[in-house]
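Structural description and commentary
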Amino acid sequence: MSYQLYRNTTLGNTLQESLDELIQYGQITPQLAIKVLLQFDKSINTALATRVKSRLTFKAGKLNTYRFCDNVWTFMLNDVEFREVHEVAKMSVKKLLLQSGDWRQNCTRLCLCASIH
């Protein structure tokens, strides 16, 4: 199963807008656009699982709600501090999504919807 989580990123939105424009001008069919989006979903998930090696830790001031559905954790957090080696970012986060991968390979992908203070 490929997750559609990354369609709401800048890259995913731009791809969808480009495909819509191509459909509008009759350059491609809607069925081909759907195939392209499905391939994007597979490719972005594979690339993030195999190529990204950085580690990020975070600490939240408050956990408002959380849920686990379809192998995706959703956390609603406030006053969060993210740390990567020597860099620290403090944010007020509305939603944090963690997509569980193959835990034997310690693979977790992150999509963050945040606003910086």
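Nothing here was measured: the structure is a model prediction, and the numbers come from that model.

**Re the overall build of the protein**
- When helices and strands are counted, the protein shows two helices and four strands.
- Mapped from its N terminus to its C terminus, the protein presents α and β elements in the order α-α-β-β-β-β.
- Here the protein, with 117 residues, has 26% of them falling under the buried criterion.
- Restricting to contacts in the protein with at least 6 residues of sequence separation, those with at least 24 account for 41%.
- Looking at the protein as shown, the accessible area adds up to about 8600 Å², and 54% of this sits on carbon and sulfur atoms.

**A look at the pairing of strand β2 (residues 72–84)**
- Both strand β1 (residues 57–69) and β2 contribute to a ladder of 11 bridges, which runs antiparallel. Within the sheet, the bridge partner assigned to phenylalanine 58 lies in β2 and is phenylalanine 82.
- Counted along the chain from β1 to the antiparallel partner β2, the turn is two residues long, and its residue aspartate 70 has a positive phi close to 55°.

**Observations regarding unusual backbone geometry**
- Of note in this structure, aspartate 79 is not a glycine but carries a positive phi near 50°.
- Within the secondary structure, aspartate 79 is located in strand β2.

**Let's talk about the UniProt feature "domain: Transcription initiation factor IIA gamma subunit C-terminal" (unreviewed entry) in the protein**
- Mapped onto this structure's residue numbering, the UniProt feature "domain: Transcription initiation factor IIA gamma subunit C-terminal" (unreviewed entry) falls at residues 61–89.
- Helix makes up 0% of residues 61–89 and strand 86%, and the two end C-alpha atoms of the span are 14 Å apart.

**Some remarks on the packing of helix α1 (residues 10–24) against helix α2 (residues 30–51)**
- The N-to-C vectors of α1 and α2 enclose an angle of 165°; their axes lie 10 Å apart at closest approach. By the angle between their axes, α1 is roughly antiparallel relative to α2. The chirality of how α1 crosses α2 is right-handed. In this structure, α1 uses Leu11, Gly12, Leu15, Gln16, Leu19 and Ile23 to contact α2, whose residues at the interface are Pro30, Ala33, Val36, Leu37, Phe40 and Ile44.
- Here the residues of the contact of α1 with α2 are counted per class, giving 10 nonpolar, two polar and no charged.

**Examining α2**
- Between its first and last C-alpha atoms α2 spans 31 Å; for 22 residues at 1.5 Å apiece the expected length is 32 Å, and the two agree.
- Listed in full, the buried residues belonging to α2 are Ala33, Leu37, Phe40, Asp41, Ile44 and Asn45. Across the axial projection of α2, the buried residues extend over an arc of 115°, all falling on one side. Across α2 from its buried face, at more than 90 degrees, point the exposed residues Gln31, Lys35 and Arg51.

**Re the side chain of arginine 7**
- Take arginine 7: it is sitting in the segment before α1.
- Residue class for arginine 7 comes out buried when judged on its relative accessible area of 15%.
- Among the polar contacts listed, one links the side chain of arginine 7 to the side chain of aspartate 41, at a separation of 2.5 Å.

Scoring rules and cut-offs
Residues numbered from 1 in each chain as written. Predicted model: local features only at pLDDT ≥ 70, side-chain atom pairs only at ≥ 80, totals over all residues. Heavy atoms only, no water. Helix = DSSP H or I, 4+ residues; strand = E, 2+ residues; numbered from the N terminus. Buried < 20%, exposed > 50% of the residue type's maximum accessible area, 1.4 Å probe, protein only. Contact = heavy atoms within 4.5 Å. Areas by Shrake-Rupley, 256 points an atom, 1.4 Å probe, with all protein chains shown as cover. Pairing = 2+ DSSP bridges. UniProt positions renumbered as here; feature names shortened; annotations may be inferred. Axes fitted to C-alpha atoms, helices over the stretch in contact; angles between N-to-C directions. Parallel < 35°, antiparallel > 145°, perpendicular 65-115°, else oblique. Left-handed = near helix turned anticlockwise from the far one by under 90°. Nonpolar A, V, L, I, M, F, W, Y, C, P; charged D, E, K, R; others polar. Expected span 1.5 Å × (residues − 1). Arc of directions from axis to C-beta. Polar contact = N/O pair within 3.5 Å; in protein donor to acceptor, adjacent residues only side chain to side chain.

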